[in-house]
Amino acid sequence: MDVARMQAHCLGKPGAWPDNPWEHDHPVVKVGPGERGKIFAFLGGDSVGVKSGRSREVADEWLLRYPQDATVMAYIGRSGWNTLALGGAIPDDELLEAVDDSYRLVVEGLPKKLRPDGWDG
């Protein structure tokens, strides 16, 4: 898995769009309209940050399964966010599934009127 493939997967989600609020090399990917949009993926050169569960306890399952390739995200990790390494021990299909789950969790948290058409929640 590389960041270009991960970005393409993220942007393929209904209502997904790139944003670069911190002028990093790679964008974050949001869902929802404009200023009300919420991040569901933090792209990095060799990782992706995702909402891995509604609680830290659920998100910790990634840390137990992949201790070398999954870490708690700085600042927002207490809310269930993890950083997952691309190209490590985590299989590509699990990385894509993690992004899909993050997208679902974030969209479910949006008010119904802000949820994109075509999402399969």
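Thresholds applied
- Residues numbered from 1 in each chain as written.
- Predicted model: local features only at pLDDT ≥ 70, side-chain atom pairs only at ≥ 80, totals over all residues.
- Heavy atoms only, no water.
- Buried < 20%, exposed > 50% of the residue type's maximum accessible area, 1.4 Å probe, protein only.
- Helix = DSSP H or I, 4+ residues; strand = E, 2+ residues; numbered from the N terminus.
- Pairing = 2+ DSSP bridges.
- Axes fitted to C-alpha atoms, helices over the stretch in contact; angles between N-to-C directions.
- Left-handed = near helix turned anticlockwise from the far one by under 90°.
- Contact = heavy atoms within 4.5 Å.
- Nonpolar A, V, L, I, M, F, W, Y, C, P; charged D, E, K, R; others polar.
- Salt bridge = Lys/Arg side-chain N within 4 Å of Asp/Glu carboxyl O.
- Phe/Tyr/Trp six-rings, centres within 6.5 Å; stacked < 30°, edge-to-face > 60°.
- Lys NZ or Arg CZ within 6 Å of the ring centre and 35° of its normal.

### Considerations on the pairing of strand E2 (residues 28-31)
And step 1. The alternating pattern of E2 places Val28 and Lys30 and Val29 and Val31 on opposite faces, both of which are buried.
And step 2. The sheet contact formed by strand E1 (residues 16-19) and E2 spans four bridges and is antiparallel. Within E2, the position partnered with Trp17 by the bridge is Lys30.
And step 3. Sheet topology places E2 next to strand E3 (residues 38-43); four bridges connect them, and they run antiparallel. Paired with Val31 across the strands is Lys38, a residue of E3.
And step 4. In this antiparallel pair of consecutive strands, E2 and E3, the connection spans six residues, and Gly32 shows a positive phi of 110°.

### Comments concerning the packing of helix H1 (residues 3-11) against helix H3 (residues 92-109)
And step 1. Here H1 crosses H3 at 35°, and the two axes come no closer than 10 Å. For H1 against H3, the interelement crossing comes out right-handed. On H3, the residues touching Arg5, Met6, His9 and Cys10 of H1 are Asp92, Leu95, Leu96, Val99 and Asp100.
And step 2. Its residues assigned to classes, the contact of H1 with H3 shows five nonpolar, one polar and three charged.

### A look at unusual backbone geometry
And step 1. Non-glycine residue Glu23 carries a positive phi angle of around 55°.
And step 2. The phi angle at Tyr75 is positive, at roughly 75°, despite the residue not being glycine.
And step 3. Mapped onto the elements, Tyr75 comes out in the loop between strand E5 (70-72) and strand E6 (81-85).

### Description of the pattern of salt bridges
For side chains of opposite charge, pairing can occur when their charged atoms come near one another.
And step 1. As enumerated under the stated definition, the model contains seven salt bridges in all.
And step 2. Residues Asp100 and Lys13 are paired through a salt bridge, measuring 2.8 Å at the closest nitrogen-oxygen approach. Here Asp100 is found in helix H3, whereas its partner Lys13 is found in the loop between H1 and E1, with 87 residues between them in sequence.
And step 3. For Asp100, a relative accessible area of 27% corresponds to the partly exposed category.
And step 4. Its relative accessible area of 17% is what places Lys13 among the buried residues.
And step 5. What you see here is one network of salt bridges that share partners, running through Arg54, Arg104 and Glu108.

### Notes on the packing of aromatic side chains
And step 1. With the rule as written, the count across this model stands at four aromatic pairs.
And step 2. Centroid distance Phe40 to Tyr103: 5.1 Å. Interplanar angle 80°. Geometry classified as edge-to-face. Of this pair, Phe40 sits in strand E3 while Tyr103 sits in helix H3, and the two are 63 residues apart along the sequence. Across the pair, Tyr103 and Phe40 agree in class, each one buried.
And step 3. Pairing Phe42 with Trp81 gives two aromatic rings, centres 5.5 Å apart and planes at 85°, and the pair type is edge-to-face. Separated by 39 residues along the polypeptide, Phe42 in strand E3 and Trp81 in strand E6 bring together distant segments of the chain. Of the two residues examined, Phe42 and Trp81, each falls in the buried class.
And step 4. Every member of this aromatic cluster is reached through a ring pair, and the members are Trp22, Phe42 and Trp81.
And step 5. Positioned above the aromatic ring of Tyr103 is the side chain of Lys13, whose terminal nitrogen or guanidinium carbon lies 5.4 Å from the ring centre.
And step 6. When the ring centre of Trp62 is taken as reference, the NZ or CZ atom of Arg65 above it lies at 4.8 Å.

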